[in-house]
Every structure is written in C-alpha cells, then in structure tokens.
Amino acid sequence: KAVIDKLVNEELNVQSKRRGIIGHSLGCGTVANTGDSSWVRVCIAGFAADIEGSPTMLISSTNDGAVPYERIKDRIPKDFQKLGYDSPLVSNLSLVGNDESFPQKVAVFLDGDDAPNHISFLCDGVNKAMINLLSPLLPIAQVLGIPVLDFDKYKISQDSESVAKTVKPIVKKFLKDNL
C-alpha cells in the first residue's frame, strides 16, 4: 500500500485518497475483496460486489454464456438500481452536457441479439491473439465437452472494439461520478 500511495501521490501527483477497481468474470472476486468501503468498484461479466458504503457498478449481458444474466439476476442486491442500455442515462452518455450521475449501486444490462458475450468485454488485441492460438483447439474442446467460456461465440462475433465503445463510456462516467 505504501508503494502504491507513493507512486500515485508523489510520482503521478494524484492527491485523491479514493481508489477504484475494475474486474472481469472471476476478477469480480478481486473487486469484492480489495480495499475498503471507500473504493469504487466495477464488476463486468461477473457477480456484483456488495460492500456497504462502496459505490458499485455491475455490467452484465444477456448473451454472456459463462455468467449469464439469467444466472445472476436474482443474486443482485436489492439496493442496486437496474438500468438497461435503453435507459436515458446509459444511452445518452455521448451527449454533451449530460450531467446526470449514476446511482451509487447500479446494474447495467446489455441485451438484444448483438449483446456482448463473455469474451467480448476483453481487449481486442488479446482476443485476436486467442483466436490465432486457440482456434485449432476449439473443435477438440467442443467434442470433449470442455467449456470454452464463449470463445466459440466470440470467434464469430469478434465485437470487442464495438463493445468497448459501448462499455468504456459507462465505466468512465461511473468512476468520474464517484472518484
């Protein structure tokens, strides 16, 4: 902690004492177990961290085969406000002068035929490398019934760049509102 504080405060000249953490899939466990209630948390394609007093956002997709919305919807804490992509706050992020803030506890659901799959949320470069490396193994994994965490869906959709254009402004706004 002292090394991080020195880097952030002295070398980067960031004076805020607030911290934020973002996790994808199992990384949401790290989000839930890192820091104290002053930390701002974003869980993507996983479960919502519910830390008393800690602003928290969950982003989930109905097309996520590894952690589907249907599997987690009843586990979302009752005090989380649920917003779809069609919510004015979410869909109007690109509008200049949109000063409305996200709720402190919010779950954003992306749905529709083009909703992201589990892999779609990851960086495009990593996903392209996975396709190059793992594509020859995909048929073998499927025959053996080995879970592929939506790699098969992503190989078809290859939508991480468009998903990033949707998700980054949502996360950025939530962090800006709370840090």
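Residues numbered from 1 in each chain as written. Predicted model: local features only at pLDDT ≥ 70, side-chain atom pairs only at ≥ 80, totals over all residues. Heavy atoms only, no water.

*Asks:* Would you mind going over the overall build of the protein with me for this structure?
*Replies:* Regarding its fold elements, the protein presents eight helices and five strands. In the protein, the succession of helices and strands from N to C terminus is α-β-α-β-β-α-β-α-β-α-α-α-α. Taking 16 Å as the expected radius of gyration for a compact globule of 179 residues, we find that the protein reaches 18 Å, a close match to that expectation. For the C-alpha atoms alone, the extent of the protein along its principal axes is close to 50 × 40 × 30 Å. Here the protein, with 179 residues, has 40% of them falling under the buried criterion. Nonlocal contacts in the protein, meaning residues at least 24 apart in sequence, comprise 56% of its contacts between residues at least 6 apart. When the accessible surface of the protein is totalled, it reaches about 10400 Å², and 57% of it is carbon and sulfur. Counting 20 positive and 22 negative side-chain charges, the protein places the centres of these two groups 5 Å from one another. (Helix = DSSP H or I, 4+ residues; strand = E, 2+ residues; numbered from the N terminus. Rg over C-alpha atoms; globule rule 2.2 N^0.38 Å. Buried < 20%, exposed > 50% of the residue type's maximum accessible area, 1.4 Å probe, protein only. Contact = heavy atoms within 4.5 Å. Areas by Shrake-Rupley, 256 points an atom, 1.4 Å probe, with all protein chains shown as cover. Lys, Arg positive; Asp, Glu negative; His and termini not counted. Charge placed at Lys NZ, Arg CZ, Asp CG, Glu CD.)

*Asks:* Explanation requested: the packing of aromatic side chains in the structure shown.
*Replies:* The description of two aromatic rings rests on the distance between their centres and on the angle between their planes. Inspection of the entire model under this criterion finds two aromatic pairs. Relative to F109, the ring of Y69 lies with its centre 4.3 Å away and its plane at 70°, an arrangement referred to as edge-to-face. Taken as a pair, Y69 in helix α3 (residues 69-72) and F109 in strand β5 (residues 105-110) lie far apart in primary sequence, 40 residues in all. The pair Y69 / F109 is uniform in exposure class, with both members buried. Here F102 and F174 contribute two aromatic rings whose centre-to-centre distance is 6.3 Å and whose plane-to-plane angle is 70°, an arrangement assigned as edge-to-face. (Phe/Tyr/Trp six-rings, centres within 6.5 Å; stacked < 30°, edge-to-face > 60°.)

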